[in-house]
Amino acid sequence: MRQYRFARRSFLAGIGGAFALDVLLRNMEAAAEGATSPARMLLTHFPVGTYRQSYLPKGGQTDFTLSPILQPFESLRSDMIVLYGFQDRLSCPGGGGHEAGTPFTTTCANSPGTRANGGEGDDGVAGGPSFDQIFLKHVPNLKQSGAGYINTLADARVDSLETSTQCLSYGESIPGGADYRTRSIKAANPGGNITEYTPNLPELSPANAYAKLFSNFIPGGSTPGNNDAALKALKARKSVLDHSLRELALLKTLAPASEADKIEAHASAVREVEKQLVGQIESGAVGGGTVCVKPTEPDASLKGKTGSKFDYGDEATATSDEDMHERIGKAHAAVILAAFQCDIIRVASFQWSPGTNHVSFKGKYPADPERSFMHHPMSHRIGSQSFFNGAPQTGTSPDASLYQFLVAINAWYNQKTADILSSFKNAKDGFGNSVLDHTVVPYLTEVGDPSHSRGPKASLIFGGKALGMKGGQFLNFDGNVRPQVDVWLTVAQALLQTDDPLAALPATEKFNRSGAGPIKGLWAKPA
Amino acid sequence: MIPGLKLASPTTMLACAGIVALALGCSASNGPKDSAAAQPPGSGGAGSVGGAAATGGVGVGPGTGGGATCEGGEIADNKRVVRLSFNQLSRTIHALLGDTFGTKVDADFEIGPESPTARTFPPLSSPQEGSSITTGLWQKVDLIASAAGGYALANLGQLTGCGAAPTDACAEAFVRAFAEKAYRRPLTAAEATSIVQVYTEVKGIYGTIPEAVQHSVYAIMQSPQLLYRTELGEAKDQAGPLTPYELASSLSYFLSDAPPDAELLTAAAQNKLSASADITAQVDRLLATPAARKNLESALFSYFQVDNLATVKIDDPAFTSGTQAKPYTGVRESAYHEVELFLANTLWSGPLTGLLTSKKSWVNSTLSGLYGVTLSAAGDESQFVETTLPDNRSGLLTQVGFLASNSRPDLPSVVARGLVVNKAMLCQTNPTFPTDPALVAKIEEAGTKLASVSERERAEYRGSTAPCSGCHRAFDAYGLALDRYDIVGRYRTMDPQGRPIDASVTLPALFNNEVAADAVAMESKIAQNPGFPACFGKNMLNWALAEGSQLTPTSCATQAVVSGFNESDKSLSSLLRAVAISKAFTHRNAGVSQ
């Protein structure tokens, strides 16, 4: 039974008011001395790469001036590590820049090919589990009972039916074993069938994410009446899940062996949630339990858009998406924050939009400031890496306007992410500590720049101060590029509390270890 | 804006257009050799049309229509449990809890016929679906089931028929009956016990009947008996037929994507689904319903990837898009709807070959100029009139919708169109794009050399130059025959450079290298080739089996269906009947026991 020690007042004061979630945690007496915040990981992403000269800070490793693109993170400087110069030599037959780049970024594994999805044929599949799943398997106490993690996405519109760019998490960890969920699929390249690590598709609706995470809680504050209602709801739900497990057990006896994995996957999903229920029932919803009371439900009308459209050459839209995009993204982030605070999950992913997004923005294209244009389709107007990584462009020519448009959107995403991370910084968890201090947040992108280069790529790491991360640093490896996996291994140091994560992670894990290692100087074991 | 449009993407060939135009070479080792040898037995399942997906089997050439050289047994699959696709779950929810609640669930959870993934062919191959209910899928299903429980609580009297203050007896009776309806068969004793246990436990927790009903409905809606349909038969560890109730579910979900109706369940109860005549009677009954016809038309619409029309980029001002208020002022939307009407009117009357040879289509004023026809009835652009096509057109392959959705933005793509015909109509194995850097460099070099020659000259180069010829001889001819239709689908006799376009082609070896004078003649020859019904037989069987099957046109299971089809009037309905009575559909092998 976990015991929480926290200060209710400081907790409430720390809530990021911008997201309008009132999370109330009941005061508890600490039963154990030395209880501390758990380690957490939040995987985040920004689409379509960046623009070197407008991204790179000026100055030294600890004494630098933030660039226009990074300026939104100024208030988080001490919680931030700015990195540049990652490039992978991973293979994905037929994989597109964004489409292979996205699974590459989070799995760091070679891919067997692309999905036959009826679209372009460049939809790269994951050749290994993503690091969120790797950590869930190997980092002690990272996986909570119940869902264990949540993946969220604020907008899912893509070009050509691709799954890859709208998913950061792959290969759910199978409980109790060394394996992850995979499946055989038809391949566009190289043809035939290939095995992919199954995409753990994100939730587009903050209300649904909320429902998935908080379904075992009831609204209201901590009163005997609410506690009683909570306990009843838990027990009733357990009865429902027990029924499912009985029927699945029976089905397993009737079906041949070839169906066992399928039935077991279903049963495992039910069992995980039931474990959480049982834990809550046993810890008691009445008189001394550790129930986290349900926060306010997000607006059910907020939901990321879906669709697939080849908009190149036709990038203008009648309206801008950015206000709604911001609202949806922040609603997702608020749910994740609340789930972290309530310690329902310790791993999550939050993605604004796919690398092949169709999110439109107004007023950011100087040549035509009154109109709205879609981000990724516009990025295709020029295909030159030297253009994107060259000198910043000024003026209102089409090329210069395009450059400024893309930089402005990169900065926009950074501003909104900074808002979110600030709320994590200010929010207290059940132990009275800053959520961000105990959460490592890799903020990654799937390509180097809009030319679809595999690098050099930008990456940032936020948070994790209490876990040993050393923020306030800038390192540029361009000219001596490093593989993306080095960012993950740096994160792994904080989660595994070791300076040798390669030794701690089994050699059977699929990520490419060639030339890999954590980045020195970014982590030290806390005293 | 295309009404009801869900999916949109270019074909693989279109998106690889830059390479396709230069795709003059491929390794001979990637060529479409005998897939029965190249692939594992029974491989080459249903995958979607297009591109470099090396799926599908060898087309059956002339004179090889029978089962003499078929692979595998007539029973295609082992006993199994098959999860309902989200569209099937949607239809099931509508049937159980009504359209008001069903429509809300469709919208809240993005399932149902308007969802982005509703029409993958076959459905469970979509990444949003999959054959297993893993965590993410289960969470969604659980939320839906919980919502159903909430709906039951809020509409207790109306749903249960027990009034606002139900008695235990009435409520329990409702729960059992609801479970039976949801599971699509009578409950076993153990199942009845289990669901009543939920009722009793929850009543004990809350002390009230409404919450007990709520959670019973919740439990039923997330039961494996609802979420999967079983194909286990009567006797464990023995091959044999599906049970009557299993067959009822299989038939209904195959044809209508919906649970079995009362009549089908009654037939199951009376064990009147074992004889072929009984099954075909049900098939005919269901095929007469709008739901089944719409379901199958939509499946074929997706199969031919006409969905691409919504998003294909065509650099020609004549390829207009309509508005929300007047969609059919646009060529894009009109062509889309023309294909919908063509399928609806052609699939259910006359032979299946009408897909290729019918001289009728349904054209509006927006399209009439492109076809060079005069409509027989006046009206605005929303009126689609049955029209006889001119001599230079027949069937689907010469429709604006098919042609435009398989064009590059600037040029019709001989290779793209050829590959689509090769796979969609004949289930041939399309080669993958070469990835060898040296070969790609050669391709680019040849592309530069041939940049200014005609499409025919390029095709002739590919057909006569190793290693290109190893692959391109198998499919370029189809695309070349269609080269007289430009990127919008207009008929032309000259290319943009003023060179005459010769539409006659020498068809591949599958046709004994016969000559077709033009696209219409080519379509006629495809229609007569045994590979065409074998391809459709394979596809319809894989659609019916939903997942897992790796049938090819030369599988014995497919050949059994095709034999039945060949002895019929050769309509789609007959093909579907042949599927429904086939051993592949009605029987399962034992599989390895636990």
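Numbering of residues starts from 1 in each chain and follows the order in which that chain's sequence is written. To label them, take the chains in the order written and letter them from A, then take the ligands in the order written and number them from 1. Where local features are concerned, this predicted model is filtered to residues with pLDDT of at least 70; where side-chain atom pairs are given and counted, the filter is 80 or more; whole-chain, interface and lining totals use all residues. Side-chain descriptors were evaluated using all non-hydrogen atoms of the structure, hydrogens and water having been removed beforehand.

So, about the overall build of chain A. Per the secondary structure count, chain A includes 13 helices and 15 strands. Carbon and sulfur atoms provide 51% of the accessible area of chain A, an area that totals close to 17000 Å². To qualify as a helix, a DSSP run of H or I must reach at least 4 residues; to qualify as a strand, a run of E must reach at least 2; elements of each kind are numbered from the N terminus. What sets the accessible areas is the Shrake-Rupley method with a 1.4 Å probe; for residues, cover comes only from the shown protein chains.

Scored from 0 to 100, pLDDT records how confident the predictor is in each individual residue. Summarising the model, chain A shows a mean pLDDT of 87, and 89% of its residues fall at 70 or more. For this analysis, residues touch if any pair of their heavy atoms sits within 4.5 Å. The low-confidence segment residues 286-291 of chain A (pLDDT under 50) makes 20 contacts with residues lying over four places distant or belonging to another chain.

All names here are of chain B. Taking 1.5 Å per residue as the helical rise, helix H15 (residues 290-303) with its 14 residues ought to reach 20 Å, and the 20 Å between its terminal C-alpha atoms agrees with that figure. Within H15, 10 of the 14 residues are buried, which leaves the element mostly enclosed by the surrounding structure. Phi for Gln305, located one or two positions after H15, is positive at around 55°. To estimate the expected span of a helix, subtract one from its residue number and multiply by 1.5 Å. The cut-offs for exposure are 20% and 50% of the maximum accessible area for each residue type, with area from a 1.4 Å probe on protein chains only; residues under the lower value are buried, those over the upper are exposed, and the others partly exposed.

Take Leu286 of chain B: it is sitting in helix H14 (residues 276-287). Beyond its immediate stretch of four places on either side in the chain, Leu286 of chain B contacts Leu255, Ser256, Asp261, Leu264 and Ala292 of chain B.

All names here are of chain B. For chain B, mean pLDDT is 85; residues scoring 70 or higher make up 87% of the total. In this model residues 1-67 is a low-confidence stretch, pLDDT under 50, and it forms 233 contacts with partners more than four residues away in sequence or in other chains. Model confidence for the complex is summarised by a pTM of 0.82, with the ipTM given as 0.84.

With that settled, consider unusual backbone geometry. Residues and elements named next belong to chain A. The omega torsion across Asn189 and Pro190 is 0°, close enough to zero to call that bond cis. You can see Pro190 is positioned in the loop between strand S7 (182-189) and strand S8 (193-197). For the bond from Gly455 to Pro456, the omega torsion is 5°, close enough to zero to count as cis. Relative to the assigned elements, Pro456 resides in the loop between strand S13 (439-444) and strand S14 (457-463).

Take the sheet that holds strand S5 (residues 114-115) of chain A next. Residues and elements named next belong to chain A. Here we have 3 strands laid out as an open sheet, ordered S5-S7-S8, and antiparallel in their pairing. In the strand order of this sheet, the two ends are held by S5 and S8, each with one partner. If DSSP finds at least two bridges between two strands, the strands pair. Judged from the 2 bridges that link them, S5 and S7 form a sheet pairing that is antiparallel. Each bridged residue has a counterpart across the sheet, and for Arg115 the counterpart in S7 is Ala187.

At the interface, 65 residues of chain A touch 75 residues of chain B. In this assembly, chain A packs against chain B so that about 5500 Å² is buried in total across both faces, 57% of it on carbon and sulfur atoms. When a carboxyl oxygen of Asp or Glu lies within 4 Å of a side-chain nitrogen of Lys or Arg, that pair is called a salt bridge. Taken together, the links from chain A to chain B amount to 1 salt bridge. Two residues, Arg237 of chain A and Asp142 of chain B, come together in a salt bridge whose shortest N-O distance is 2.5 Å. As a working definition, buried area equals the accessible area (1.4 Å probe) given up by two parts on being put together, with both sides summed.

On inspection of all chains with the given rule, the structure shows 51 salt bridges over all chains. With a closest N to O distance of 2.7 Å, Arg482 of chain A and Asp486 of chain A form a salt bridge. A salt bridge links Asp106 of chain B to Arg91 of chain B, with the shortest nitrogen-to-oxygen separation between them at 3.5 Å. In this pair, Asp106 of chain B sits in helix H5 (residues 99-109) while Arg91 of chain B sits in helix H4 (residues 86-97), placing the two residues 15 residues apart along the sequence.

Before going further, it helps to spend a moment on the side chain of Thr398 of chain B. Here Thr398 of chain B is to be found in the loop between strand S5 (385-388) and helix H19 (400-405). Sequence-distant contacts of Thr398 of chain B, that is, excluding residues within four places in its chain, are made with Tyr371, Asn392, Arg393, Leu403, Leu482, Tyr485, Ala519 and Glu523 of chain B.

Looking now at the sheet that holds strand S11 (residues 360-362) of chain A. Residues and elements named next belong to chain A. Sheet architecture is open: 3 strands sit in the order S9-S12-S11, paired in antiparallel fashion. Across the chains shown, the open sheet's two edge strands, defined by having one partner strand only, are strand S9 (316-317) and S11. Of the strand pairs in this sheet, S11 and strand S12 (residues 372-374) are connected by 3 bridges, and their pairing is antiparallel. Bridge assignment links Phe361 to a residue of S12, and that residue is Phe373.

Another aspect to go through is helix H8 (residues 168-183) of chain B. The end-to-end C-alpha distance of H8 of chain B, which contains 16 residues, comes to 22 Å, matching closely the 22 Å that a straight helix rising 1.5 Å per residue would cover. Buried residues in H8 of chain B make contact with helix H6 (224-254) of chain A together with H4, helix H7 (156-160), helix H9 (189-206), helix H10 (209-221) and helix H11 (224-227) of chain B. Once H8 of chain B ends, the next one or two residues include Arg184 of chain B, with phi positive near 70°.

Okay, the nonpolar core next. In terms of nonpolar packing, the biggest core is built from 102 residues, with Leu255, Phe304, Met425, Tyr478 and Ile526 of chain B touching the most fellow members. For this core, the element with the highest residue contribution is helix H26 (residues 531-545) of chain B, accounting for 8 residues. Apart from the residues within four sequence positions on either side, Leu255 of chain B is in contact with Val283, Leu286, Leu287, Ala292, Asn295, Leu296 and Leu576 of chain B. Membership of the second largest hydrophobic core comes to 65 residues, among which are Leu42, Phe46, Phe373 and Ala427 of chain A. Residues belong to a common nonpolar core when they are buried Ala, Val, Leu, Ile, Met, Phe, Trp, Tyr or Cys residues joined through side-chain atoms within 4.5 Å.

Residues and elements named next belong to chain A. Across the 5 residues of strand S6 (residues 149-153), 5 count as buried, placing the element largely inside the fold. Bridging between S6 and strand S10 (residues 347-351) involves 5 bridges; their strand directions are parallel. Pairing of Thr152 across the sheet is with Phe350, part of S10.

On to the environment of Thr167 of chain B, then. All names here are of chain B. One can find Thr167 in the loop between H7 and H8. Using a relative accessible area of 46% as the deciding quantity, one classes Thr167 as partly exposed. Along the primary structure Thr167 and Ala459 are separated by 292 residues, whereas in three dimensions their C-alpha atoms are 78 Å apart. Side-chain polar atoms of Thr167 contact the backbone nitrogen of Cys170, separated by 3.1 Å. Counting of polar contacts relies on pairs of N or O atoms within 3.5 Å, with two restrictions inside protein: one atom must be capable of donating a hydrogen and the other of accepting it, and residues adjacent in sequence are counted only when both atoms are side-chain atoms.

On to the packing of aromatic side chains, then. Pairing of aromatic side chains requires ring centres within 6.5 Å, counting the rings of Phe and Tyr and the six-membered ring of Trp. Pairs whose planes differ by under 30 degrees are stacked, by over 60 edge-to-face, and all others tilted. Per the stated rule, a full pass over the model turns up 38 aromatic pairs over all chains. Here the aromatic rings of Tyr55 of chain A and Tyr84 of chain A are separated by 5.6 Å at their centres, their planes lie at 40°, and the arrangement is tilted. With Tyr55 of chain A in helix H2 (residues 52-55) and Tyr84 of chain A in strand S4 (residues 80-86), this residue pair connects regions lying 29 residues apart in the sequence. An aromatic cluster is present here, built from Phe350, Trp352, Phe361, Trp412 and Tyr413 of chain A joined pairwise through their rings. Sitting over a ring, as applied to charges here, requires NZ of Lys or CZ of Arg to be within 6 Å of the ring centre and within 35 degrees of the ring normal. Its guanidinium or amino end placed over the ring of Tyr180 of chain A, Lys137 of chain A lies 4.9 Å from that ring's centre, counting from NZ or CZ. Sitting over the face of the ring of Phe86 of chain B, Lys140 of chain B holds its NZ or CZ atom 4.4 Å from the ring centroid.

Our next topic: the state of the cysteines. Covalent bonding between the sulfur atoms of two cysteines defines a disulfide. Residues and elements named next belong to chain B. Here, two cysteine sulfur atoms that lie within 2.5 Å of each other are counted as a disulfide. This model, assessed by the stated rule, comprises 3 disulfides over all chains. One disulfide in the model links Cys70 with Cys556; its S-S distance is 1.9 Å. Measuring handedness by torsion sign, the sulfur bridge of Cys70 and Cys556 sits at about 85° and is right-handed. Of this pair, Cys70 sits in the loop between helix H3 (35-38) and strand S1 (80-83) while Cys556 sits in helix H27 (residues 556-566), placing them 486 residues apart in sequence. Of the residues examined, Cys70 reaches a relative accessible area of 25% and is grouped as partly exposed. The disulfide partner of Cys162 is Cys170, and the S-S distance across this bridge is 2.1 Å. Since a negative S-S torsion denotes a left-handed disulfide, the Cys162-Cys170 link at about -90° is left-handed. Overall, the relative accessible area of 14% leaves Cys162 in the buried class.

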